[in-house]
Amino acid sequence: MSKFNEEVLSKYVSSINKFKFELEKPFIGRDEEALVMTLALMTSEHVVLVGEPGTAKSALARRAADLLRARFFKYLLTRYTEPDELLGSLDIFAFKEGKYVRITRNKLPEAEIAFLDEIFNASSAILNTLLTLLNERVIYDGYNEVNVPLWTLISASNNIPEEQEYQALYDRFLLRHFVKPVSEDKWLQLLDASWRIEVEGYRAPQPVLTIDDLKVLNSIVLRVDVSKLKHTLVKLYAIFEDQGVHLTDRRKGKAMKVIAAHALLNGRTTASEEDLVVLKYVAPSTRDEAERVHVILLEEIGTRERLLSDLREIEDNVREVKALLIKTSDFDPRLVEYLRGLEKAREKVRKIAETITDDSVRKKSQDILSEINEVIDEIRKRLLL
Ligand SMILES: Nc1ncnc2c1ncn2[C@@H]1O[C@H](COP(=O)(O)OP(=O)(O)OP(=O)(O)O)[C@@H](O)[C@H]1O
Ligand SMILES: [Mg+2]
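No experiment lies behind these values; they were computed from the predicted model shown.

Scoring rules and cut-offs
- Residues numbered from 1 in each chain as written.
- Chains lettered and ligands numbered in written order.
- Predicted model: local features only at pLDDT ≥ 70, side-chain atom pairs only at ≥ 80, totals over all residues.
- Helix = DSSP H or I, 4+ residues; strand = E, 2+ residues; numbered from the N terminus.
- Contact = placed C-beta atoms within 7 Å.
- Near = placed C-beta within 6 Å.
- Nonpolar A, V, L, I, M, F, W, Y, C, P; charged D, E, K, R; others polar.
- Core = buried A, V, L, I, M, F, W, Y, C linked by C-beta atoms within 7 Å.
- Buried ≥ 20, exposed ≤ 12 C-beta atoms within 10 Å, placed from the backbone.
- Domains from an automatic or database assignment.
- Pairing = 2+ DSSP bridges.
- Axes fitted to C-alpha atoms, helices over the stretch in contact; angles between N-to-C directions.
- Parallel < 35°, antiparallel > 145°, perpendicular 65-115°, else oblique.
- Left-handed = near helix turned anticlockwise from the far one by under 90°.
- Expected span 1.5 Å × (residues − 1).
- Arc of directions from axis to C-beta.

It is worth spelling out the overall build of the chain at this point. Scanning the chain from terminus to terminus reveals 16 helices and nine strands. C-alpha atoms of the chain, sized along the principal axes, occupy 90 × 50 × 45 Å. In the chain, once contacts between residues fewer than 6 apart in sequence are set aside, the share between residues at least 24 apart is 75%.

Right under this line is the structure:
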């Protein structure tokens, strides 16, 4: 670790963690979304959130902008959006003198962080500009070649693009995440969070990072040691390919940066197997592929430890309910809620028990399964079901 100044390192690690923490704070169940956005910012890559309407995609992007001290540009694209709306309009006075100049103030060419909502609505004129902008940080405009300071583009969309012409644009989002609606066990919390937001509004937070901080973080990311993982990575790519998940060559290479960023976010300067989880956000192109990659990663990396820790958590919860049942012998309205939770947990444990090949994990999941069944039976009895 001698090549890193410990003090500097821990300062940056803690501020990027603070950013992530603040980003997800007002939302329910949006920790993965905050993670992908944070990884994109640490690596100066672009990120797109794909998901159904009303899942806080735009709200997250706006909050990320509030938390960064950076020049920001945001725009909602429709099929009718003209290049000028993003790039600034032509300076007519200059044009009269034969010069091709745009008035770019507060527009995309000057932005360090940009949020383009519904980006796959882009018309073909905009699409072409975006392709070089995202890859080379250059805008070819008229006769000019303009370098732009864009660090990260955040985007959101309801769907992934199917048309061939959008594939090159889609590939430029190294990080892609498929947002799911909040799961049923968190609906109560969702109601509270929504109510809070309605009453108090979003309190614009104080910025916690600057663009310069991100540049330093990125330079540290590039010094993280990922060498030990290369063989595993190549093996995983082969498995992905086998299962119909194809990564372009661009993504195969760039994934290492994201792996390194994940290590750094967790305070490590050497990447380890657990950092390969970020492939979930780099490898898949569709929601279906995302599920497949998730399963492959579960099977291939650190499965045992993670499953055991999941199981232990479930076990603790089951025992808590059990203790409660012993304390009170009457009907308690909370039992309905517990029953639901336990049934969900049972599904999860069952799946683990059925699919895992590791003996100790299977044994543990079977034990927990019978414990859950016991508690469920008892609750059903009390609820007269
Ligand atoms: N997980 C959540 N936690 C807290 N509030 C949420 C959550 N999901 C949605 N909301 C509330 O719903 C509002 C709508 O979210 P937002 O407009 O960001 O959705 P969106 O995903 O961008 O939708 P669209 O695809 O229609 O643009 C948010 O501002 C927030 O108040
Ligand atoms: Mg939106």
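Still to come is the rest of the account.
Around ligand 1, a shell composed of 18 residues is seen, among which Pro53, Ala56, Lys57, Ser58 and Ala59 lie nearest. Listed by contribution, the elements that provide at least two residues to the shell around ligand 1 are helix H3 (57–67) and helix H8 (187–200). Looking at the shell around ligand 1, the element that brings in the most residues is H8, giving four residues. The class makeup of the residues in the shell around ligand 1 is 10 nonpolar, six polar and two charged.

Moving on, we get to the nonpolar core. Within the largest apolar cluster, 82 residues are counted, with the highest numbers of intra-cluster contacts made by Met37, Leu175 and Ile259. Looking at this core, the element that brings in the most residues is helix H11 (residues 249–265), giving nine residues. Counting contributing residues per domain, this core is built from domain 1 (6–210) and domain 2 (226–300), each supplying no fewer than three. Leaving out residues up to four positions away in the same chain, Leu175 has contacts with Val36, Leu39, Ala40, Glu45, Val47, Val258, Tyr281 and Val282. Counting residues in each nonpolar core, the second largest holds 14 residues, with Leu307, Val321, Tyr338 and Ile368 among its members.

Looking now at the domain arrangement of the chain. Along its sequence, the chain is carved into domain 1 (6–210), domain 2 (226–300) and domain 3 (303–382). Taken over C-alpha atoms, the centre of domain 1 sits 41 Å from the centre of domain 3.

Now for the sheet that holds strand S8 (residues 175–178). The five strands are arranged S3-S4-S7-S1-S8 in an open sheet whose pairing can be described as parallel. If you trace the sheet from one side to the other, it starts and ends with strand S3 (72–76) and S8, each paired once. Each adjacent strand pair in this sheet contributes to an overall mean axis angle of 10°, direction not counted. As paired elements, S3 and strand S4 (residues 113–117) share five bridges and run parallel to each other. Residue pairing for S4: Phe72 is matched across the bridge by Ile113. Relative to the sheet, helix H2 (residues 31–43) contacts strand S1 (47–50), strand S7 (152–157) and S8, its axis offset from that of S8 by approximately 170°.

Running from N to C, helix H15 (residues 334–355) and helix H16 (residues 359–382) point in directions that differ by 155°, and their axes come no closer than 9 Å. Judged by the inter-axis angle, H15 sits roughly antiparallel to H16. Between H15 and H16 lies a crossing whose hand is left-handed. Residues Leu335, Tyr338, Leu339, Leu342, Glu343, Ala345, Arg346, Val349, Arg350, Ile352 and Ala353 of H15 form the contact with H16, whose participating residues are Val361, Arg362, Ser365, Gln366, Ile368, Leu369, Ile372, Val375, Ile376, Ile379 and Arg382.

All right, on to helix H10 (residues 230–242) then. An ideal rise of 1.5 Å per residue puts 18 Å on 13 residues; H10 measures up with 18 Å between its terminal C-alpha atoms. Once H10 ends, the next one or two residues include Gly244, with phi positive near 80°.

For the pair helix H1 (residues 6–24) and H2, interaxial distance at closest approach is 9 Å and the crossing angle is 140°. One way to sum up the angle between H1 and H2 is to call them oblique. H2 is crossed by H1, and the crossing has right-handed handedness. Taking contact as the criterion, the partners of Ile16, Phe19, Lys20, Leu23 and Glu24 in H1 are, on H2, Asp31, Ala34, Leu35, Met37, Thr38 and Met42.

Topologically, Gly88 is positioned in the loop between helix H4 (83–87) and helix H5 (92–96). Through-space distance from the C-alpha of Gly88 to that of Pro109 is 8.2 Å; in sequence the pair is 21 residues apart. The residues touching Gly88, leaving out its near neighbours within four places in the chain, are Arg102, Ile103, Thr104, Arg105, Lys107 and Pro109.

This part covers helix H9 (residues 211–221). Three or more residues of H9 are buried, namely Asp213, Leu214, Leu217, Ile220 and Val221. Across the axial projection of H9, the buried residues extend over an arc of 120°, all falling on one side. Pointing more than 90 degrees away from the buried face of H9 are the exposed residues Asp212, Lys215 and Ser219. The inward-facing, buried residues of H9 contact H1, H2, strand S9 (209–210) and H11.

Judged from the four bridges that link them, strand S5 (residues 138–141) and strand S6 (residues 144–147) form a sheet pairing that is antiparallel. Its bridge partner being in S6, Tyr140 is matched across the sheet by Glu145. In textbook terms, the turn of a hairpin is the stretch between consecutive antiparallel strands, and for S5 and S6 this stretch comprises two residues, one of which, Gly142, has a positive phi near 60°.

Positive phi values are uncommon outside glycine, yet Ser44 reaches one of about 55°. Looking at the secondary structure, you find Ser44 in the loop between H2 and S1. In this structure Ser44 comes out as partly exposed when scored by C-beta crowding, with 18 C-beta atoms within 10 Å. Unusually for a residue other than glycine, Ala56 sits at a positive phi of about 70°.

It is worth spelling out the environment of Ala40 at this point. Within the secondary structure, Ala40 sits in helix H2. Here Ala40 falls in the buried class, since 26 other C-beta atoms lie within 10 Å of it. In sequence terms Ala40 and Ile154 are 114 residues apart; their C-alpha atoms lie 8.6 Å from each other. Those residues in contact with Ala40 that lie beyond four places of it in its chain are Glu45, His46, Val47, Thr152 and Leu175.

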